[in-house]
Amino acid sequence: MDRNEVVLVGRLPEAVRIRSLQSGSTLGSWRVIVRRQQRGRGTRVDTIPCVSFEPEVTVVVAEWLPDDMVEVVGSLRRRWWGSEGSKSSGYEVEVRSVRRLERRVTTVLTGEEEAPAPTPAPPRPVRSLTHTETGTVTAEEGRAFTAVDPEPSHTAGGNTPASVLRRVEVPSLR
């Protein structure tokens, strides 16, 4: 059984181009940059052209911005163009469904507005390392250790604190 299905996940390097055709339908065209698996030094990428004639798809991709991470699903197509004497061809993905996975927000200053003040990160809570939760001291290879609770963490399912224990080296009293 023949199968022609392409699924790409990658970054949009530039804005999507939307054109109205003589038939009245719209054509969306864009490129997706997809990283290859690492082999040796450096990152290698493929830039893959994508098109869609689907009205639902062109409405969605018209809102995409450069650097958005996207997923496209479609089929590989070979297109021909040029005059009878000098025809050229190329491959592109004819897309039938799309999804934006992530948007990276980039601020571009034009010089007319003031630069926004950076938003400081909230301070992390810090607990004293002298506070021991168990008070148990054990000797291991000539060193004394105690279990301390540096800060609470939260379980993935809700807001219930869960103690995080770690081993901290303290000076031996011998």
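Every value quoted in this text rests on a predicted model; they were computed, and no experiment measured them. (Residues numbered from 1 in each chain as written. Predicted model: local features only at pLDDT ≥ 70, side-chain atom pairs only at ≥ 80, totals over all residues. Heavy atoms only, no water.)

Asker: Just give me the short version of the packing of aromatic side chains, but keep the residues and values in it.
Answerer: Across all of its chains, the model carries 1 aromatic pair by this definition. Both rings, one in W30 and one in W64, keep their centres 5.8 Å apart while their planes meet at 80°; by these two values the pair is edge-to-face. A residue pair is termed long-range when its members are at least 10 positions apart, and W30 in strand 3 (residues 26-35) and W64 in the loop between helix 1 (55-61) and strand 5 (69-81) qualify at 34 residues. Residues W30 and W64 agree in their burial class; the two are buried. (Phe/Tyr/Trp six-rings, centres within 6.5 Å; stacked < 30°, edge-to-face > 60°. Helix = DSSP H or I, 4+ residues; strand = E, 2+ residues; numbered from the N terminus. Buried < 20%, exposed > 50% of the residue type's maximum accessible area, 1.4 Å probe, protein only.)

Asker: Which residues make up the nonpolar core, and what values do they have?
Answerer: Counting 16 residues, the largest nonpolar core has W30, C50, W64, V72, V95 and V98 as the members making the most contacts within it. At the level of secondary structure, the elements contributing two or more residues to this core comprise strand 1 (6-11), strand 3, helix 1, strand 5 and strand 6 (88-102). (Core = buried A, V, L, I, M, F, W, Y, C linked by side-chain atoms within 4.5 Å.)

Asker: Describe the pattern of salt bridges, and please don't skip the residues or the numbers.
Answerer: All chains considered together, the criterion is met by 12 salt bridges. Taking the shortest distance from any N to any O, the salt bridge between E14 and R17 comes out at 3.2 Å. Because the salt bridges share partners, they merge into one network encompassing R77, R79, E92 and E94. (Salt bridge = Lys/Arg side-chain N within 4 Å of Asp/Glu carboxyl O.)

Asker: With reference to specific residues and values, describe the side chain of D68.
Answerer: Positionally, D68 belongs in the loop between helix 1 and strand 5. Among the polar contacts made by the side chain of D68, one reaches the side chain of R103 at a distance of 2.9 Å. Beyond its immediate sequence surroundings of up to four residues, D68 is in contact with G10, R11, L12, R100, E102, R103 and R104. (Polar contact = N/O pair within 3.5 Å; in protein donor to acceptor, adjacent residues only side chain to side chain. Contact = heavy atoms within 4.5 Å.)

Asker: So, the confidence of the model for the chain: which residues are in play, and what are the values?
Answerer: In low-pLDDT regions, the fine details of the predicted coordinates are not to be read closely. Of all residues in the chain, 61% attain a pLDDT of 70 or more, and the chain-wide mean is 77. Throughout residues 128-168 the model reports pLDDT below 50, and contacts reaching past four residues in sequence, or to other chains, amount to 67 contacts. (pLDDT = per-residue confidence, 0-100.)

Asker: Before we move on, could you go through the environment of E5 and cite the residues and values that matter?
Answerer: Tracing the sequence through the fold places E5 in the segment before strand 1. On a C-alpha basis, the gap between E5 and V95 in space is 9.8 Å, while along the polypeptide they are 90 residues apart. Other than its neighbours up to four places away in sequence, E5 contacts V73, G74 and R96. Polar contacts involving the side chain of E5 include one to the side chain of R3, which spans 2.7 Å.

Asker: So what's going on with the environment of D68? Residues and values would help.
Answerer: Under the relative-accessibility criterion, D68 is labelled buried at 0%. Remark: the alpha-carbon pair of D68 and E14, spanning 54 residues in sequence, is separated by 9.3 Å.

Asker: I'd love a proper account of unusual backbone geometry, names of residues and values included.
Answerer: Not every positive phi belongs to a glycine, and D67 is a case in point at roughly 80°. Relative to the helices and strands, D67 resides in the loop between helix 1 and strand 5.

Asker: Could you give an account of a nonpolar patch on the surface, with specific residues and numbers?
Answerer: Together, V7, V9 and L101 make up a nonpolar patch on the protein surface, roughly 240 Å² of accessible area in all. Secondary-structure assignment places V7 in strand 1. (Patch = residues over 30% accessible without salt bridge, like charges linked within 9 Å, V, L, I, M, F, W, Y side chains within 5 Å. Areas by Shrake-Rupley, 256 points an atom, 1.4 Å probe, with all protein chains shown as cover.)

Asker: Tell me about the pairing of strand 4 (residues 45-52), and please be specific about residues and values.
Answerer: Sheet faces and side chains relate simply in a regular strand, where the side chains alternate between the two faces. As paired elements, strand 3 and strand 4 share 8 bridges and run antiparallel to each other. Opposite V32, over in strand 4, you have I48 as the bridge partner. Where strand 4 and strand 6 come together, 2 bridges link them in parallel fashion. What sits directly across from V51, in strand 6, is E94. (Pairing = 2+ DSSP bridges.)

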